[in-house]
Amino acid sequence: MTAQEIFDILKTKFGDAIIETKFDAMQPWVRIAPNKTKEICFFLRDDSALQFDYLSCLSGMDYNNGTFGVVYHLASIVHRHKIVLKTFCTKDNLHIQSVSAVWGTANWHEREAFDLYGIIFDEHPDLRRLLMPDDWEGHPLRKDYKVQEFYHGMKVPY
Amino acid sequence: MGLLDQRFENGNVFITSLDGLLNWARLSSLWQMQFGLACCAIEMMAASASNFDIMRFGIIPRATPRQVDVMFVAGTVTIKMASRIKRLYDQMSEPRYVISMGSCATCGGPYWEHGYHVLKGVDRVIPVDVYIPGCPPRPEALLEGIMKLQEKVRKESMVKKRA
């Protein structure tokens, strides 16, 4: 199934929650609303024509203009088709619905995005830091990140 | 023990200083803490294997800090790991030695500027006796570092009171 067909199915089903799309990108993507991700992803997984049973990757993004985002790379092992979903949020309201109930893989991916970007995944069962220590200050992959001077008495910068 | 039984088989007496004897025993049996942190650990394992045969220096890997004399910090020390390394070092009994193997353990290596998660040198948490440069150092370099440490042990005194 092509990206256009997938987009058309989603647009008729979800309407305004499907915001925009870009087909001439190397990996065609569909932008969806941050508060509808779970619903849309459940549909993408369970619909017999789509069957996106595999979440290849979930990445946090910082676009360096106050916009943050999450990019989902989906694949269907049954139908051999792929799609990329994007969803954006602003720095003042870093809330995106969790999809860890849809794909178990998303659990740790979302924890990583929370750890490194500070994106808050609503309804996540266990949103703790994954890589950095629990009492670390800040989110290291943000563009405006400044590393802390000391951590438990150890000097951090060179 | 070819040298001893061929030349001194008739029950001869040796005369040496007590420090010399103790230090000879210590530097010939530097037991090593068995752990590695990153790619340097691969070179450390190569040094343990038959080509380089680290055991000819009397180095035996031990799985507990209570039984070891020397800790090879072989690899990148992350800030999360640093407190564990400190605790392992504290659990070693004295006299204890640390060899910092590779650029990461010595100064942060390639992570020195943007590695927010890397401790820029293990000497920020524990004292280091020998630094081995390299990324990663060859097993020969590790053996050279061990010989440097042996020189250091040879010059110490176990008998004199320390400050």
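Nothing here was measured: the structure is a model prediction, and the numbers come from that model.

Looking at the overall build of chain A
Helices and strands together make up the secondary structure of chain A, namely three helices and nine strands. For chain A, the N- to C-terminal ordering of α and β elements is α-β-β-α-β-β-β-β-α-β-β-β. Residue burial in chain A is summarised as follows: out of 158 residues, 46% are buried. Intrachain contacts of chain A at a sequence separation of at least 6 include 47% that bridge at least 24 residues. Surface accessibility of chain A: about 8,200 Å² in total, with carbon and sulfur atoms responsible for 51%. Computed over 18 positive and 22 negative side-chain charges, the inter-centroid distance for chain A is 3 Å.

Let's talk about the interface of chain A and chain B
Of the residues lining the interface, 16 residues belong to chain A; the matching set on chain B comes to 12 residues. Carbon and sulfur atoms supply 71% of the area that chain A and chain B bury against each other, a total of about 1,100 Å² over both sides. Its largest share of buried area at the contact with chain B, chain A owes to Met154, Val156 and Tyr158 of chain A, together 51% of the area lost on that side. Taken together, chain A and chain B are joined by zero salt bridges. Across the chain A-chain B interface, the total number found is four residue pairs in polar contact (both at pLDDT 80 or more).

Each value, and the rule that gives it
- Along each chain, residues carry numbers from 1 onward, in the same order as the chain's sequence is written.
- Written order decides the labels, with chains lettered from A and ligands numbered from 1.
- pLDDT decides what is reported in this predicted model: residues at 70 or higher carry local features, side-chain atom pairs at 80 or more are listed and counted, and totals for whole chains, interfaces and linings draw on all residues regardless.
- Excluded from the side-chain calculation are hydrogens and water; included are all heavy atoms of the structure.
- Only DSSP runs of H or I covering at least 4 residues are called helices, and only runs of E covering at least 2 are called strands; the numbering of each starts at the N terminus.
- Any residue under 20% of the maximum accessible area for its type is buried, any over 50% is exposed, and the rest in between are partly exposed; the area is computed with a 1.4 Å probe on protein chains only.
- Contacts are assigned to residue pairs with any non-hydrogen atoms lying within 4.5 Å of each other.
- The Shrake-Rupley method, run with a 1.4 Å probe, gives the accessible areas here. Residue values count only the displayed protein chains as cover.
- The charged-residue count follows a simple rule in which Lys and Arg add positive charge and Asp and Glu add negative charge, with His and chain termini not counted at all.
- By convention, charge coordinates are those of NZ in Lys, CZ in Arg, CG in Asp, or CD in Glu.
- In short, buried area is how much 1.4 Å probe accessible area vanishes from two parts on joining, totalled over both.
- Here a salt bridge means any side-chain nitrogen of Lys or Arg lying within 4 Å of a carboxyl oxygen belonging to Asp or Glu.
- Polar contacts, as used here, are pairs of N or O atoms within 3.5 Å; protein pairs need one atom able to donate a hydrogen and one able to accept it. Residues neighboring in sequence count only if both atoms are side-chain atoms.

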